[in-house]
Amino acid sequence: MDQDANPEIAATLRQIGPRLRRLRERKNMSLTELGQATGISKSTLSRLESEQRKPSLELLLPIAAALAVPLDEIVAAPRVEDPRVHQHPARADGRTFVPLSRHRTEPRAFKITIPAAHQTPSLATHTGHEWLYVLSGRLRLLLGEHDVVLAPGEAAEFDCQNPHWFGSTGDGDVEVLSLFGKQGERLHLRARTRPKGTERP
């Protein structure tokens, strides 16, 4: 089989050079010392580590022996983890939050379901940035002097240090995707702005 035609094999081969360098450095061995232990020239080892030379068993077997590591540690393909995110919905203030990312690092991703009854604004401020994308329903967003309604397919992003609130317009439940983290951009509105105090459509 042509190795270049198989993406998995090609990806594994590309990792061999960096792995060799990490293993050698972990053993506190220089290229010269590894060359003396294996009989392989320093230039060949250098090209192997920098992916300028394709690895072969003739090269890898003596290197594995000199580094005292199993060959699998050099050539094994990376373990593929289960890609599914096991969802554990949580409820807070009547809203349902479904985590969409496995790790707790930022930004955090959630699907939020907001009941139709959640239409009374209560402005809040806190650190971070948030990005919202409406999946279904109509989302009302208050941000500073802005009072906007977002329909499915529309999005907004904002600095959470500005007074803000989002909820239902009262016409039905709302489902949104939310990305929250320390990094973000200023608000980009993709819905028309209407003055406060005007009747909602």
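Shown above is the structure to which this text applies.
In short, a report on the structure. (Residues numbered from 1 in each chain as written. Predicted model: local features only at pLDDT ≥ 70, side-chain atom pairs only at ≥ 80, totals over all residues. Heavy atoms only, no water.)

With antiparallel pairing, the 3 strands of this open sheet are ordered in space as β6-β5-β8. Edge positions in the open sheet fall to β6 (146-150) and β8 (164-168), since each of these has one partner strand only. The mean angle between the axes of side-by-side strands here comes to 15°, regardless of whether they run parallel or antiparallel. Here strand β5 (residues 139-143) runs beside β8; their pairing, made up of 5 bridges, is antiparallel. When the bridges of β8 are listed, leucine 142 appears paired with tryptophan 165. (Pairing = 2+ DSSP bridges. Helix = DSSP H or I, 4+ residues; strand = E, 2+ residues; numbered from the N terminus. Axes fitted to C-alpha atoms, helices over the stretch in contact; angles between N-to-C directions.)

With that settled, the discussion passes to the packing of aromatic side chains. Enumeration according to the criterion identifies 2 aromatic pairs in this entry. Centre to centre, the rings of phenylalanine 97 and phenylalanine 110 are 6.4 Å apart; their planes meet at 90°, and the pair counts as edge-to-face. Of this pair, phenylalanine 97 sits in strand β2 (residues 95-99) while phenylalanine 110 sits in strand β3 (residues 108-114), placing them 13 residues apart in sequence. Taken together, a centroid distance of 6.0 Å and an interplanar angle of 10° make the contact between tryptophan 131 and tyrosine 133 stacked. Residue tyrosine 133 is classed as partly exposed on the basis of its relative accessible area of 28%. (Phe/Tyr/Trp six-rings, centres within 6.5 Å; stacked < 30°, edge-to-face > 60°. Buried < 20%, exposed > 50% of the residue type's maximum accessible area, 1.4 Å probe, protein only.)

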